[in-house]
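Analysis of the macromolecular model
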Amino acid sequence: MSKMMFLACCYNDPDMQIDPDTVYPTRPECRDDAPKTRFKPIPRRTLSPRRWKLLFNEEGCLDIAGMLLRVQRGGVHPNIKGEVWEFLLGCFDPKSTTEQRNQLRQQRRLEYEKLKTKCREMDMTVGSGRVITMPVITEDGQPIEDPNSNGGARPSSEGSEQQTDGAPLPKEVIQWKLTLHQIGLDVNRTDRTLVYYERQENLARLWDILAVYSWVDKDIGYCQGMSDLCSPISIILEHEADAFWCFERLMRRVRGNFQSTSTSIGVRSQLTTLSSIMKAVDPKLHEHLENLDGGEYLFAFRMLMVLFRREFSFVDTMYLWELMWSMEYNPSLFSMLESNNGTSSADTKDQNVLKQCGKFERKNLQANKKNEQIPIAVFVVASVLEAKNARLLGEAKGLDDVVKILNEITGSLDAKKACRGALQVHEKYLSTVKAS
């Protein structure tokens, strides 16, 4: 196919004329209050279904550099988001063949079914199509009669390792069961403006994924905010097991934010990093925020905790995420996750390897910062603060003013501009740190 013919196909591709809001429709009564969507697929920029197929060779190996180029230019078409996100989050190695991925996918589906079966043995609500919204157990492991499970009362005899032999429940089981109603309460609040969650089975699917994850990751369990991160993945991936493993990969990136002690929560470390970045790139604004008693940057807590879910529409959040993940991408991601090794093995002098990295990661490698794990999300927050520099300096007389100014960005942020600003702040930060 000649270049001119291919370009003509791009412009005439009916897939590129799709309105994302029709793929993820908002309930009519919520449309006036929901943030407006800015993202629209753009020919020759957005990764289209047609271009996506052309990025694989005969064996099914993916041209990751070509994929990243398109995603960073214009995001991912709604019809292929699930497939693309699996690569961006490191579920699959781009060098793998179609057959290898099918085998791995099948293995993971079987593993998920085993995990879900184990959870169902502990509580029969798992996989039942219902959602628990009231406590099912006391802190000392005693069952609570007839908890509300959205689908009606659940008999106390239905369900679980509820010790038919009278033996006490293991501590880890008690801990898990104590989280189930909190997951349910959060699931019922998550993305309720979407038509998708009017169906009980979709709520139950999200609850099942989070309940199983809470059992798998016993150190973290379930924390508020996880439902916001899991919801888009549950929606775009058709198979529940695939959605679970994609979410598990996302949690590998952000689980540190949810690790807490009696005195602090993990996201504080990113807020401390944000403070250092702002001090380096905009000392005047940083000093002003410090004088307002905002030097700990707690006003940015929510942005980092749920990756800007409140600041963008549902569609634009997904666009922002895929931009960030593509910019952070490292060709060693799959092997790092499989081996639980957080260190990149990428050769920083190999130009072919650098081409397979996202823009943000490439700069880190070139600056010998491959072991410095500052996520791009922190720089996105910094770029938002930089964009509001004049207002924050001129109008903010207290922390309440800072919060008010930042709250006004909801629905008005442009994901592409925010990421472009993040790259500029990142480059300035690297230069400042190098100079010092």
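Residues numbered from 1 in each chain as written. Predicted model: local features only at pLDDT ≥ 70, side-chain atom pairs only at ≥ 80, totals over all residues. Heavy atoms only, no water.

Looking at helix α5 (residues 81-88)
For clarity, the threshold we go by: Between buried and exposed lies partly exposed: a residue is buried under 20% and exposed over 50% of the maximum accessible area for its type, with that area taken using a 1.4 Å probe on protein chains only. What counts as a helix is a DSSP run of H or I of at least four residues, what counts as a strand is a run of E of at least two, and both are numbered from the N terminus.
Where burial is concerned, most of α5 is hidden: seven out of the eight residues are buried. Taken residue by residue, α5 has Lys81, Gly82, Val84, Trp85, Glu86, Phe87 and Leu88 as its buried positions. Positive backbone phi, at 85°, marks Gly90, one or two positions downstream of α5.

Details of the packing of helix α4 (residues 64-74) against α5
The criterion, for reference: The angle between two axes is taken between their N-to-C directions and runs from 0 to 180 degrees, where each axis is a line fitted to C-alpha atoms and a helix contributes only its stretch in contact. Crossings are classed by handedness, with left-handed meaning an anticlockwise turn of the near helix from the far one by less than a right angle and right-handed meaning a clockwise turn. Contacts between residues were defined by any pair of non-hydrogen atoms, one from each residue, lying within 4.5 Å. We call Asp, Glu, Lys and Arg charged. Ala, Val, Leu, Ile, Met, Phe, Trp, Tyr, Cys and Pro are nonpolar, and the rest, Gly among them, are polar.
Where α4 meets α5, the closest approach of the two axes is 12 Å, and the angle between their N-to-C directions is 115°. Both α4 and α5 take part in a crossing whose hand is left-handed. Along the contact surface, α4 presents Met67, Leu68 and Val71, while α5 presents Val84, Phe87 and Leu88. Of the residues belonging to the contact of α4 with α5, the class tally is six nonpolar, no polar and no charged.

Quick look at the environment of Asp123
By the element assignment, Asp123 lies in the loop between α6 (98-122) and α7 (171-187). Note on Asp123: relative accessible area 0%, which makes it buried. Distance from Asp123 to Lys177, taken between C-alpha atoms, is 7.9 Å for residues 54 residues apart in sequence.

Regarding the pattern of salt bridges
Formally: Just to be clear on terms, a salt bridge is a Lys or Arg side-chain nitrogen sitting within 4 Å of an Asp or Glu carboxyl oxygen.
All chains considered together, the criterion is met by 25 salt bridges. A salt bridge links Asp242 to Arg105, with the shortest nitrogen-to-oxygen separation between them at 3.0 Å. Taken as a pair, Asp242 in helix α10 (residues 240-258) and Arg105 in helix α6 lie far apart in primary sequence, 137 residues in all. Taking the relative accessible area as the measure of exposure, Asp242 reaches 9% and is therefore buried. Arg249 is paired through a salt bridge with Glu248; the nearest N and O atoms lie 2.9 Å apart. Judged on exposure class, the residue Arg249 and its partner Glu248 are both buried.

Focus: the packing of aromatic side chains
As a reminder, the rule being used: Any two rings among Phe, Tyr and Trp, with Trp reduced to its six-membered ring, count as a pair given centres within 6.5 Å; such a pair is stacked if its planes are under 30 degrees apart, edge-to-face if over 60, and tilted if neither. Definition used: whenever NZ (Lys) or CZ (Arg) falls within 6 Å of the ring centre and also within 35 degrees of the ring normal, the charge is taken to sit over that ring.
Scanning the model with the defined rule gives 18 aromatic pairs in all. Taking the centre distance of 4.9 Å and the plane angle of 85° together, the rings of Trp85 and Trp325 count as edge-to-face. Taken together, the residues span a long stretch of sequence, with Trp85 in helix α5 and Trp325 in helix α14 (residues 314-328) at a distance of 240 residues. Trp325 sits in the buried class, given a relative accessible area of 2%. Pairwise contacts between aromatic rings join Trp52, Phe56, Phe87 and Phe92 into one cluster. Between the NZ or CZ atom of Lys218 and the centre of the ring of Trp215, over which it lies, the distance is 3.9 Å.

A look at the environment of Asn202
Selection rule: Definition of a polar contact: a pair of N or O atoms within 3.5 Å, with one able to donate and the other able to accept a hydrogen when the atoms are protein atoms, and with sequence-neighbouring residues admitted only if both atoms are side-chain atoms.
Of note, Asn202 is situated in helix α8 (residues 200-216). Taking the relative accessible area as the measure of exposure, Asn202 reaches 11% and is therefore buried. Expressed as a C-alpha distance, the spacing of Asn202 and Val187, which sit 15 residues apart in the sequence, is 10.0 Å. Those residues in contact with Asn202, other than ones at most four positions away along the chain, are Tyr196 and Tyr197. At a separation of 2.8 Å, a polar atom in the side chain of Asn202 contacts the main-chain carbonyl oxygen of Tyr196.

Focus on the nonpolar core
How we decide: Nine residue types can take part in a nonpolar core, namely buried Ala, Val, Leu, Ile, Met, Phe, Trp, Tyr and Cys, and a core is a set of them joined through side-chain atoms within 4.5 Å.
One finds Met67, Met226 and Phe247 to be the most contacted residues of the largest nonpolar core, which totals 127 residues. Those residues in contact with Met226 that sit more than four places away from it in its chain are Leu210, Tyr213, Ile220, Gly221, Phe247, Met251 and Phe258.

Here's the deal with the side chain of Glu86
Within the secondary structure, Glu86 is located in helix α5. For Glu86, a relative accessible area of 5% corresponds to the buried category. With near-sequence residues (within four places) excluded, Glu86 lies in contact with Cys91, Phe92, Arg105, Leu237, Asp242 and Cys246.

Digging into a positive patch on the surface
Here is the rule: Here a patch means residues that are over 30% exposed by relative accessible area and free of salt bridges, tied together within 9 Å if like-charged and within 5 Å if nonpolar (Val, Leu, Ile, Met, Phe, Trp, Tyr). Where accessible areas are quoted, they stem from the Shrake-Rupley method and a 1.4 Å probe; at the residue level, only the protein chains shown are allowed to cover. When charges are counted, Lys and Arg contribute as positive and Asp and Glu as negative, whereas His and the chain ends are disregarded. The atom standing in for a charge is NZ when the residue is Lys, CZ when it is Arg, CG when it is Asp and CD when it is Glu.
There is a patch of like positive charges on the surface, built from Arg38, Arg44, Arg45, Arg73, Lys359, Lys417 and Arg420. With respect to the secondary-structure elements, Lys359 resides in helix α17 (residues 359-366). According to the relative accessible area criterion, Lys359 is partly exposed, its value standing at 38%.

Looking at the environment of Lys404
With respect to the secondary-structure elements, Lys404 resides in helix α20 (residues 399-407). Judged by relative accessible area, Lys404 falls into the exposed class, the value being 54%. Linking Lys404 and Phe299, residues 105 residues apart in sequence, is a C-alpha distance of 10.0 Å.

Concerning the confidence of the model for the protein
What counts here: Scored from 0 to 100, pLDDT records how confident the predictor is in each individual residue.
When pLDDT is averaged across the protein, the result is 90; 89% of the residues are at 70 or more. Note on residues 1-10: pLDDT under 50 across the span, and nine contacts to partners over four residues away in sequence or across chains. Throughout residues 151-158 the model reports pLDDT below 50, and contacts reaching past four residues in sequence, or to other chains, amount to 18 contacts.

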